[in-house]
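A closer look at the structure
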Amino acid sequence: MTRTLNVAMIGGGFMGKAHAMAYAAMPMFFWPAPAIPVRKVVVDITEALADEGRRRYGFEESSADWRAVVKRPDIDVVDIVTPNDSHAAIAIAAAEAGKHIICEKPLARGGDEAKTMLDAVKKAGIIHMVAFNYRRTPAVALARQYIEEGRIGKILNFRGTYLQDWSADPDSPLSWRFQKKIAGSGSIGDIGTHVVDLARYLVGEIAEVSALVRTYNKTRPVQHGNLDKLGAAERNTGAERVEVDVDDEVVTLLKFADGAIGSLEATRNAYGRNNFITFEIHGTKGSIAFNYERRDELQVMFADDPADARGFRTVYSGPAHPYGSGLWPIPALGIGYSETKIVECFDFFSAIASGKQPSPNFEDGYKTERVADALIESGESGHWVKVRP
Ligand code: NAI
Ligand code: SOE
């Protein structure tokens, strides 16, 4: 009999929806499942919101008290899908209670806070994961496979972007993502860290950065309500405008520990771009390029391709590729955001079943936060900054 694991999910917003859906769907894709997630209890800031989450996302119970829930003996897994300012408190309490933890990105509001979480999970000896799901896109995992197999040789250059436009409008409201005390930083922590995670996954540790950091919209109208509606709510209401204390955009050069170089750009102010996560990697024997907005496709060029057929070609991810046996039976049927979360859930529950830490775990989340710290410091000083080891 496959064992069941009871999940307490803290937070019922955008990520609450994505994670709840993955708990329901994971065993349908990956069968036999490593363990069956049971949607036991969902927590939000009020009883009413939590109950709405219970009904909508299929949980058995709801609560407005995460402190009590994470201590319950019948809870095996704590899933943290709240804004960034509560990640540390919830994770540390859950670790002390001996629960396995999956925490949304960014792990924390900087390296120092992330370190307190890493120390807690190490001490507790539980399984931990940080939810950088884009590396779970099969085409991205295939890029890593090609790199590990040496198909593009030694990596020379990584060019990564994460461009969105949902906050380009200066009247896009000041949700929690624009408040340093809640979010920690702006585009750097929110979306830049996804690219840092991809860079670490595909190339290796980032050693040094030289960043330009900008805040274009210095004030935004206050947003009411608990959810960040990602620019979709409350425009032109005459709401009070409040100062923005986080960055809108970061552009940086990168030096990797093993000698590769690269660049990273992240902004939520790039009109026309939606979830434009891209990377292009050049090696001594070929190149790989990926665009999340065409996420079934990996562009590859191998230097030993016949001279009359040189150029990028498209590989569509499918059954022959990473996670292919669990996903859809024909390439290009369509990988979506949901599939990245289903795969993430599969890897997390596999880690619990095997007792081996998954990747990215809190150690990875902590290292990514150190890169984010360096980006902020470099943006302020105008100098190259070494990433704290
Ligand atoms: P959201 O604004 O849509 O929802 C947050 C939810 O948490 C709301 O229901 C809110 O009432 C609840 N909440 C806030 N404080 C709470 C507390 N102390 N206890 C219980 N519930 C609380 O936010 P969203 O977009 O779901 O973001 C949550 C986290 O997920 C963030 O860390 C964010 O960076 C991350 N995220 C990751 C994504 C990814 O692709 N991996 C995508 C979107 C968000
Ligand atoms: C908003 O920029 C956001 O929801 C991020 O918080 C997520 O991490 C990203 O995956 C989608 O966009």
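Residues numbered from 1 in each chain as written. Chains lettered and ligands numbered in written order. Predicted model: local features only at pLDDT ≥ 70, side-chain atom pairs only at ≥ 80, totals over all residues. Heavy atoms only, no water.

Applying the stated criterion across every chain, the model contains 30 salt bridges. The residue Arg-177 makes a salt bridge to Asp-190 at a minimum N-O spacing of 3.3 Å. Here Arg-177 is found in the loop between β7 (155–163) and α7 (180–183), whereas its partner Asp-190 is found in helix α8 (residues 187–202), with 13 residues between them in sequence. On the accessibility criterion, Arg-177 (12% relative accessible area) is buried. The class of Asp-190 is buried, set by a relative accessible area of 9%. With a shortest N-O distance of 3.8 Å, Glu-208 and Lys-255 are connected by a salt bridge. Note that Glu-208 is positioned in strand β8 (residues 206–214) and Lys-255 in strand β11 (residues 249–256), a separation of 47 residues in sequence. (Salt bridge = Lys/Arg side-chain N within 4 Å of Asp/Glu carboxyl O. Helix = DSSP H or I, 4+ residues; strand = E, 2+ residues; numbered from the N terminus. Buried < 20%, exposed > 50% of the residue type's maximum accessible area, 1.4 Å probe, protein only.)

Turning next to a nonpolar patch on the surface. On the surface, Trp-328, Ile-330 and Leu-333 cluster together into a nonpolar patch covering about 310 Å² of accessible area. Tracing the backbone through its elements, the reader meets Leu-333 in the loop between β16 (313–316) and α9 (337–354). (Patch = residues over 30% accessible without salt bridge, like charges linked within 9 Å, V, L, I, M, F, W, Y side chains within 5 Å. Areas by Shrake-Rupley, 256 points an atom, 1.4 Å probe, with all protein chains shown as cover.)

Compared with an ideal rise of 1.5 Å per residue, which puts 16 residues at 22 Å, α8 spans 21 Å between its outermost C-alpha atoms and is within 8% of the ideal. Taken as a whole, α8 carries its principal kink of about 40° at Thr-193. Just beyond α8, the residue with positive phi is Gly-204, at close to 140°. (Expected span 1.5 Å × (residues − 1). Bend = angle between axes of the 7 residues up to and from the residue.)

The next subject is the packing of aromatic side chains. Each pair of aromatic rings is reported with the distance of its centres and the angle of its planes. Counted under the stated rule, the structure contains 13 aromatic pairs. Considering the side-chain rings of Phe-158 and Phe-256, the 6.2 Å spacing of their centres and the 75° angle between planes classify their relative orientation as edge-to-face. Taken as a pair, Phe-158 in strand β7 and Phe-256 in strand β11 lie far apart in primary sequence, 98 residues in all. The buried category is assigned to Phe-158, whose relative accessible area is 0%. (Phe/Tyr/Trp six-rings, centres within 6.5 Å; stacked < 30°, edge-to-face > 60°.)

Should the pLDDT be low somewhere, the predicted coordinates at that spot are not to be read in detail. Of the residues in the chain, 99% have a pLDDT of 70 or more, and the chain-wide mean is 96. For this predicted complex, the interface confidence reaches an ipTM of 0.99, while the overall pTM sits at 0.98. (pLDDT = per-residue confidence, 0-100.)

Further remarks concern the domain arrangement of the chain. The domain architecture assigned to the chain consists of domain 1 (4–132) and domain 2 (135–363 + 365–386). Between domain 1 and domain 2, the contact holds 51 residues from the first and 50 residues from the second. Buried area between domain 1 and domain 2, summed over both chains or domains, comes out near 4,200 Å², and the portion from carbon and sulfur atoms is 73%. For the pair domain 1 and domain 2, the interface holds four salt bridges. Of the charged contacts, one joins Arg-370 and Asp-112 as a salt bridge, the two residues approaching to 2.9 Å between their closest N and O atoms. (Domains from an automatic or database assignment. Contact = heavy atoms within 4.5 Å. Buried area = accessible area lost by both parts, 1.4 Å probe.)

So, on to the packing of helix α4 (residues 87–96) against helix α5 (residues 111–124). Between α4 and α5, whose axes approach to 9 Å, the crossing angle comes to 10°. As summarised for this structure, α4 and α5 are arranged roughly parallel, according to the angle between their axes. For the pair α4 and α5, contact is made by His-87, Ala-88, Ala-91, Ile-92 and Ala-95 and by Glu-113, Thr-116, Met-117, Ala-120, Val-121 and Ala-124, respectively. (Axes fitted to C-alpha atoms, helices over the stretch in contact; angles between N-to-C directions. Parallel < 35°, antiparallel > 145°, perpendicular 65-115°, else oblique.)

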